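These are the residues of each chain, in order.
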Number of protein chains: 2
Amino acid sequence: MNVFDNKESLRKSGRKISHDVYTPKMDAEEFRKRGKEMIDFVANYLENIDELKVFPQVEPGYLHKMISADPPIKPEEWDNIMNDVNSVIMPGITHWHHPHFHAYFPAANSYAAMCGDILSGGIGCIGFTWASSPACTELEVVMMDWLAKMLQLPKDFLSESGTGGGVIYNTCSEATFVALLAARNKAIEFRRKENLDEDQYTIMSKLVGYYSDQAHSSVERAGLLSMIKMREVKSIKRKMRGSVLQEMIKEDLENGFYPFYCVATLGTTGSCAFDSLDEIGPICEAHQIWLHVDAAYAGSALICQEYRHLLDGIEYAMSFVFNPHKWMLVNFDCSAVWFKDSRFVVETFTVDPVYLKHKKEGKCPDFRHWHIQLGRRFRSLKIWFVLRLYGVDGIQKYIRNHIKLAHLFEKLMLGDDRFEIVEEVTMGLVCFRLKGNNEINKELYSRIEGDGRIHIVTSEFSDTDTLYLRFAVCYQFATEDHVKYAYGTIIDITNQMDLCSDLFLEK
Amino acid sequence: MNVFDNKESLRKSGRKISHDVYTPKMDAEEFRKRGKEMIDFVANYLENIDELKVFPQVEPGYLHKMISADPPIKPEEWDNIMNDVNSVIMPGITHWHHPHFHAYFPAANSYAAMCGDILSGGIGCIGFTWASSPACTELEVVMMDWLAKMLQLPKDFLSESGTGGGVIYNTCSEATFVALLAARNKAIEFRRKENLDEDQYTIMSKLVGYYSDQAHSSVERAGLLSMIKMREVKSIKRKMRGSVLQEMIKEDLENGFYPFYCVATLGTTGSCAFDSLDEIGPICEAHQIWLHVDAAYAGSALICQEYRHLLDGIEYAMSFVFNPHKWMLVNFDCSAVWFKDSRFVVETFTVDPVYLKHKKEGKCPDFRHWHIQLGRRFRSLKIWFVLRLYGVDGIQKYIRNHIKLAHLFEKLMLGDDRFEIVEEVTMGLVCFRLKGNNEINKELYSRIEGDGRIHIVTSEFSDTDTLYLRFAVCYQFATEDHVKYAYGTIIDITNQMDLCSDLFLEK
């Protein structure tokens, strides 16, 4: 007898007795019905999503007018809720999985990951220690090793190294912040050994970290939250260059500061530019600076051999993060983080109450010591389902299709001499603009927003005060047709603009 | 025509073309089949879970011997994966939803929440700003108001107050930490106005926060991470008392420190003790100390009128958190956090890149400014499904059933004069021990672990060096039979012990 079979005879009387005092509106039988209806609902939604407007036509506050201001006292019927999903929720959704969604970066999703996620929800364990669900910790260790091998990360980052290893976080923002805290503690320990007279606050006041002006906003925020000075390194053609960094470090050392942390980005959010680790890494090493590498979006593509060179120099990094939940078909949240020496993190986080101790401590990681949160969901199941159902080959095909389509969009735009491409296209992002001033590009963007056929966002290069439009290939099943549709829409809208208006001719 | 219907005619050719370059192993049709099988798998698992051992019989490292050390290059078959779920994953699961799981605190789950979660995964939006999916932000605002009303929180915490409001976090640990950071910034701003000569590091070195020795380990950790002094307030009968706190504040002020933050706990993790907000609140107010209230577990019960008095004094709090993912049938993660004045948090977190700006800013909260992470899942759907399918009445019944059963367990244990109850039973937790020394209780616990019929954990009162056992009512469908089974198991095991052994007679 397999306990996972559905056998009427196995239903326990306990659940019947329980109904005297606590009657769930939805029991296992009802869940079989409603859960399957929800599967159909999701499949239908994703199959027919292009019937909907990609961006919602609602104003702030639309929703609270449509539902009760107070919670219901008595249970409601399932059908009422699903009716509201259709009439209240769906009109307010920005459809991230719409074929014409080209904003931000992709949010990963796949049917495989959703199946893994349903299983994770069903098991519903909280894996803060090994003992709280051994499979949850152990599968995560192996999945992080699988991903590390796909990326050809140095052996130091694999669990077999003893001190290194990977862990799933919620988001890159958390990784950048935690790496900073670990680096801070490492630096304070080092400085206190050098000079016992300085207390940790004096040392903190002298610590200085570095990030490119193209880095994600979470880096600046990590500095704000930790109250530690983070200096913006002026990029050259959107790259953080070793010479500039070296100069700043020299200046800070001369002024009595303690350089300790540097964030390099592989695939910036603004324009998908790549810092050169080969150039930055040796400088960090020479100054005992903790190098953290953020490859949130582009990291997924580095499993393709033709892009792996972008990771050259990763051996200088102390920590590395990328988001399978962006571009590797694993739905949010699943941010993959590695530390070369996890002890710095564990020591930063360890407090150890009795009710969380267990007999097998020390033999496997207790991930509660690896991050801010204590509770954690069984997220490695999603990675497991995706990697096995697609294989590395399948994921590479998916990535390469997106990149190929970005180059198609680039080629189409370059074929129209009213437009320029403002950043080298390496991954699935194309940064373009109308030649001319920012006003004309603001007008184009505003018209695209108003038109509603496609959804994109803008960004800017602050050094040259250049506003541009970002076209990201996001749709899981994207084809040339979708790219041509977006291109056609943009050209169509551009053709309706009076490009010779005085407003646009002013510089 | 409803786009959410499954209509063969609606399938778009785009997806067929796409298969030339990228063939997903699982398309919508396959998801209909496999997703529904997964629904059955989860329903069967939860219905028949009592056929399994509640705690797994595996040793650390068991899993990596059972699966490949390398990721698969080619896609695998679905059935292989599900076979491995049965043979590799399930043997390593601590079954949190087993009727005989009485460890830690409950991890909430319900079929209603799982349905909401599937929908959330299917929509797959990332709600960092209002524009990135208006429904995601707006439903969250209303759901947090619903919960606030159920708890009868002061109006300051409702969104209608303008400055107050709620937000969903991952865990309480994050809330405690973020509240500390906001309180830190508020204190630094205030102190700098008082004395311009002190820089932020000098002020930081003088800041001091307070927490009970019974508070959750995440409070001490928030201090470590923020590098801010947190002083442990010695509890009296597990309660943080105003007189002790007052004395410490006085002492710190005399020594030139700046008291700024205090965490009070409603329902401690160790023994479910309650700090008195009525006593602590006015002291915090008098000294401009940010009072943060952590009701992680017990918060759910405060929606029952007979327990609402435990929240008296909440009007003194600046922030409040409880976990619907513990005891309100909403599966992990869903931690509900309120701030009386969200501006302190928003100001702490705000960095503002162009690619996240949108036209409707300022009319609705952009939750990216409210926490460490940027990306966020559509979690309010889970709350919405649970509150509507159960109604407030249904949730109250569920809570009251658990508390009634805890009192039954208490009564049974008190009927055996070998045992003592070491903490007043208020919620669903009973703290008990064999009268005598810690050795005898260690032995009892070790035998319960070895026996495997039920799963509980221990804790200790460090002030009296008293080890005890924690019995938590966790099972969603718990009945008197389950409590009697646990009691019978403990008595059975106790009867097999030689309580007069020399080892146990030593104090």
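Here the structure is a predicted model, which is why all the values come from computation and not from measurement. (Residues numbered from 1 in each chain as written. Chains lettered and ligands numbered in written order. Predicted model: local features only at pLDDT ≥ 70, side-chain atom pairs only at ≥ 80, totals over all residues. Heavy atoms only, no water.)

### A few points about the pairing of strand β4 (residues 258-265) of chain B
All names here are of chain B.
Then comes step 1: With respect to burial, β4 is a largely interior element, eight of its eight residues being buried.
Then comes step 2: For strand β2 (residues 207-212) and β4, the ladder comprises five bridges, and the chain directions are parallel. Bridged to Tyr210 within β4 is Cys262.
Then comes step 3: Relative to strand β5 (residues 290-294), β4 runs parallel, the two sharing five bridges. For Thr265, the partnering residue across the bridge sits in β5 and is Asp294. (Buried < 20%, exposed > 50% of the residue type's maximum accessible area, 1.4 Å probe, protein only. Helix = DSSP H or I, 4+ residues; strand = E, 2+ residues; numbered from the N terminus. Pairing = 2+ DSSP bridges.)

### Some remarks on the domain arrangement of chain A
Then comes step 1: When the domains of chain A are assigned, the result is domain 1 (18-106), domain 2 (118-386) and domain 3 (415-505).
Then comes step 2: Relative to domain 2 of chain A, the C-alpha centre of domain 1 of chain A lies at a distance of 36 Å. (Domains from an automatic or database assignment.)

### Some details on the confidence of the model for chain A
Then comes step 1: Put simply, chain A has an average pLDDT of 92, and 94% of its residues get 70 or more.
Then comes step 2: Counted against residues more than four places away or in other chains, residues 1-20 of chain A, with its pLDDT under 50, gives 40 contacts. (pLDDT = per-residue confidence, 0-100. Contact = heavy atoms within 4.5 Å.)

### Some words on the sheet that holds strand β9 (residues 429-434) of chain A
Residue and element names in this part refer to chain A.
Then comes step 1: The strand order β8-β9-β11-β10 describes an open sheet built from four strands, whose pairing is antiparallel. The open sheet has two edge strands, β8 (419-421) and β10 (457-461), and neither has a second partner. Neighbouring strand axes in the sheet, compared pairwise and without regard to direction, differ in orientation by 40 degrees on average.
Then comes step 2: By the bridge criterion, five bridges tie β10 to strand β11 (residues 466-472) in an arrangement that is antiparallel. Residue pairing across strands places Thr458 opposite Leu469, the latter belonging to β11. (Axes fitted to C-alpha atoms, helices over the stretch in contact; angles between N-to-C directions.)

### Here we look at the packing of aromatic side chains
Then comes step 1: Applying the stated criterion across every chain, the model contains 45 aromatic pairs over all chains.
Then comes step 2: Relative to Tyr468 of chain B, the ring of Phe461 of chain B lies with its centre 4.4 Å away and its plane at 35 degrees, an arrangement referred to as tilted. The same class applies to Phe461 of chain B and to Tyr468 of chain B, which are both buried.
Then comes step 3: Ring pairing ties together the aromatic residues Trp96, Phe101 and Tyr104 of chain A together with Phe128 of chain B, which thus form one cluster. (Phe/Tyr/Trp six-rings, centres within 6.5 Å; stacked < 30°, edge-to-face > 60°.)

### A word on the packing of helix α3 (residues 78-89) of chain A against helix α13 (residues 380-414) of chain B
Then comes step 1: As a packed pair, α3 of chain A and α13 of chain B sit with axes 10 Å apart at the nearest point and diverge in direction by 145 degrees. By crossing handedness, the relation of α3 of chain A to α13 of chain B is classed as right-handed. In this structure, α3 of chain A contributes Trp78, Asn80, Ile81, Met82, Asp84, Val85 and Ile89 of chain A to the contact, and α13 of chain B contributes Leu381, Trp384, Phe385, Arg388 and Leu389 of chain B.
Then comes step 2: Its residues assigned to classes, the contact of α3 of chain A with α13 of chain B comprises nine nonpolar, one polar and two charged. (Left-handed = near helix turned anticlockwise from the far one by under 90°. Nonpolar A, V, L, I, M, F, W, Y, C, P; charged D, E, K, R; others polar.)

### Concerning the relation of the copies chain A and chain B
Then comes step 1: In the superposition of chain A on chain B (RMSD 0.0 Å, axial shift 0.0 Å), the rotation amounts to 180 degrees. Within this description, the copies of the chain are treated as partners about a two-fold rotation axis. (Least-squares fit on C-alpha atoms with pLDDT ≥ 70 in both.)

### Quick word on the UniProt feature "modified residue: N6-(pyridoxal phosphate)lysine" (unreviewed entry) in chain A
Residue and element names in this part refer to chain A.
Then comes step 1: Under the UniProt annotation, "modified residue: N6-(pyridoxal phosphate)lysine" (unreviewed entry) lies at Lys326.
Then comes step 2: Along the polypeptide, Lys326 turns up in helix α11 (residues 324-327).
Then comes step 3: With near-sequence residues (within four places) excluded, Lys326 lies in contact with Phe105, Pro106, Ala107, Ala108, Ala296 and Tyr297. (UniProt positions renumbered as here; feature names shortened; annotations may be inferred.)

### Here's the deal with helix α9 (residues 242-254) of chain B
All names here are of chain B.
Then comes step 1: A rise of 1.5 Å per residue sets the reference length of α9, with its 13 residues, at 18 Å; its end C-alpha atoms lie 18 Å apart and thus fit the reference within 8%.
Then comes step 2: All buried positions along α9 are accounted for by Gly242, Leu245, Met248, Ile249 and Asp252. Down the axis of α9, the sector holding all buried residues measures 130 degrees, keeping them to one side. Residues of α9 that are exposed and angled more than 90 degrees away from the buried face: Ser243 and Glu254.
Then comes step 3: Those residues of α9 that are buried are in contact with β2, β3 (229-233), β4 and α10 (277-286).
Then comes step 4: A positive phi of about 85 degrees marks Gly256, the residue just after α9. (Expected span 1.5 Å × (residues − 1). Arc of directions from axis to C-beta.)

### Here's the deal with the interface of chain A and chain B
When the parts come together, some accessible area is lost, and that loss is often what is quoted as the size of the interface.
Then comes step 1: The interface is formed by 180 residues belonging to chain A together with 179 residues belonging to chain B.
Then comes step 2: Seen at the junction of chain A and chain B, the total is 16 salt bridges.
Then comes step 3: Taking the shortest distance from any N to any O, the salt bridge between Asp40 of chain B and Arg32 of chain A comes out at 3.3 Å.
Then comes step 4: Applying the counting rule to chain A against chain B returns 62 residue pairs in polar contact (both at pLDDT 80 or more).
Then comes step 5: Ranked by residues supplied to the side of chain A that touches chain B, first place goes to helix α2 (residues 28-47) of chain A with 17 residues. (Salt bridge = Lys/Arg side-chain N within 4 Å of Asp/Glu carboxyl O. Polar contact = N/O pair within 3.5 Å; in protein donor to acceptor, adjacent residues only side chain to side chain.)

### Some thoughts on helix α3 (residues 78-89) of chain B
Then comes step 1: Along α3 of chain B, the residues that are buried comprise Trp78, Ile81, Met82, Asp84, Val85, Val88 and Ile89 of chain B. Each buried residue of α3 of chain B sits inside an arc of 155 degrees when the element is viewed along its axis, so together they form one side.
Then comes step 2: Considering only its buried residues, α3 of chain B is in contact with α4 (111-123), α5 (134-150) and α13 (380-414) of chain A together with α2 (28-47) of chain B.

### A closer look at the pattern of salt bridges
Then comes step 1: Throughout the structure, instances matching the rule amount to 66 salt bridges over all chains.
Then comes step 2: Asp312 of chain A is the salt-bridge partner of Arg308 of chain A, the closest N and O atoms lying 3.5 Å from each other.
Then comes step 3: Each of Glu29, Arg32 and Lys36 of chain A together with Asp40 and Glu47 of chain B takes part in one network of salt bridges that share partners.

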